[in-house]
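Descriptive analysis of the structure
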Amino acid sequence: MTPAPNDKQVARGTWGGRQARRRRTPDHTSYDFSPVDKRPPGSAASDAVDAQLQFEADRRSGLHPALVMAKQAARLVEGRRRERARQQQTPQWSVDPVRESARRFLNEVARYCFDQGRWGSDTEVELIAVSEDFTEPVRRMGQTRDRMGQLGSRVRQSTAVEVGSEVQHAAQAIANLVKTHFRAVPPQADLPVVELRLTNQQRRAALIAIGKESDRHLESWYAFVCSSPPPGDTGTQLRHIVELLPVTAEVERWRAGRERCGMLVATDDTTRATVVPATQELKAAITAFEEAVYRACVRSGPAG
């Protein structure tokens, strides 16, 4: 069976250390694109009730009567000020939170897709180069951000809601397209630390766990390179990867390291002198394989 290449672009922001390798597709739902009503909360009635409750509490606390009355007078003045603010016809809604959420979301997209520190015109050009489908949501997001920059510190509710909705829809479209057109580098392999095992039995158990984790990790890299379902055996998976990418030496090194660990388990040769070098070589082989596959995919674009 000829393997089908994964034609998604590599999300370059997911390559690197452990934190980068754990970076997942930007999710617009984790951002709040809602404008904020800056009018004082509550009503004149609720303010009056609160003032009366605080007045009764002050009286019971044993404060001097003059101080109790002074505090109540201040509360009533503040209540009237809040009610006047509620009744004002001038705009009272802020789109600053929308603007900030849009900025953080777009920076996350730039970091995930292209390993860029922040969103800019280069990000827009690169996204549209990946797929023309990005053109409309990127344009809509840019226009809405420009509009927010021209608005004052307070806007009418209808304008604020409209702006928030536009940003949310554009962010959703961009997030969906990123998920469609980009692939993340698999997380790092979680191999047990065999150096901490004290007995032959413990080292043998660690070798078995390392072998299973190595196979699982290879399957995740197979999905990174190929879009077809992974074959059931690791040998075929490695052969398919070689058919698509120039990584023969690194594949053979991984295969040899994995077979070496398996042989140590089969022969029950689990002394520290044999196990530690074998597992260190396998880890080095996996690292070299990951580097080679990543560089090959970035150089050639989609695998194959």
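Residues numbered from 1 in each chain as written. Predicted model: local features only at pLDDT ≥ 70, side-chain atom pairs only at ≥ 80, totals over all residues. Heavy atoms only, no water.

1. Some points on the overall build of the protein chain
What the protein chain contains, in helices and strands, is eleven helices and four strands. The globule rule puts the C-alpha radius of gyration for 304 residues at 19 Å, and the 30 Å found for the protein chain is more than 25% above it. In terms of overall dimensions, the protein chain has C-alpha extents of about 90 × 55 × 30 Å along its principal axes. Excluding contacts between residues fewer than 6 apart, the proportion of contacts in the protein chain whose partners are at least 24 apart in sequence is 75%. Summed over its atoms, the accessible surface of the protein chain is roughly 16200 Å², and 51% of this surface lies on carbon and sulfur atoms. (Helix = DSSP H or I, 4+ residues; strand = E, 2+ residues; numbered from the N terminus. Rg over C-alpha atoms; globule rule 2.2 N^0.38 Å. Contact = heavy atoms within 4.5 Å. Areas by Shrake-Rupley, 256 points an atom, 1.4 Å probe, with all protein chains shown as cover.)

2. Some details on the side chain of His-28
Within the secondary structure, His-28 is located in the loop between helix H1 (18-21) and strand E2 (36-37). What His-28 contacts, discounting residues up to four positions off in sequence, is Phe-33, Phe-105, Ala-171, Gln-172 and Ala-175.

3. Notes on the pattern of salt bridges
Summed over the entire model, instances satisfying the criterion amount to 15 salt bridges. The partner of Asp-215 in a salt bridge is Arg-258, and the shortest N-O contact between them spans 3.0 Å. With a gap of 43 residues between them, Asp-215 in helix H8 (residues 200-225) and Arg-258 in helix H10 (residues 248-266) connect regions that are remote in the sequence. On the accessibility criterion, Asp-215 (25% relative accessible area) is partly exposed. Residue classification places Arg-258 among the partly exposed positions, given a relative accessible area of 23%. A single salt-bridge network, built from bridges that share partners, covers Glu-100, Arg-103 and Arg-104. (Salt bridge = Lys/Arg side-chain N within 4 Å of Asp/Glu carboxyl O. Buried < 20%, exposed > 50% of the residue type's maximum accessible area, 1.4 Å probe, protein only.)

4. Comments concerning the packing of aromatic side chains
Counted according to the given criterion, the structure contains eight aromatic pairs. Ring plane angle 80° and centroid distance 5.7 Å describe the contact between Tyr-31 and Phe-105, whose orientation is recorded as edge-to-face. Of this pair, Tyr-31 sits in the loop between H1 and E2 while Phe-105 is found in helix H4 (residues 96-114), placing the two residues 74 residues apart along the sequence. The burial state of Tyr-31 is the same as that of Phe-105; both residues are buried. (Phe/Tyr/Trp six-rings, centres within 6.5 Å; stacked < 30°, edge-to-face > 60°.)

Read these as layout, nothing more, since geometry by itself doesn't imply function.
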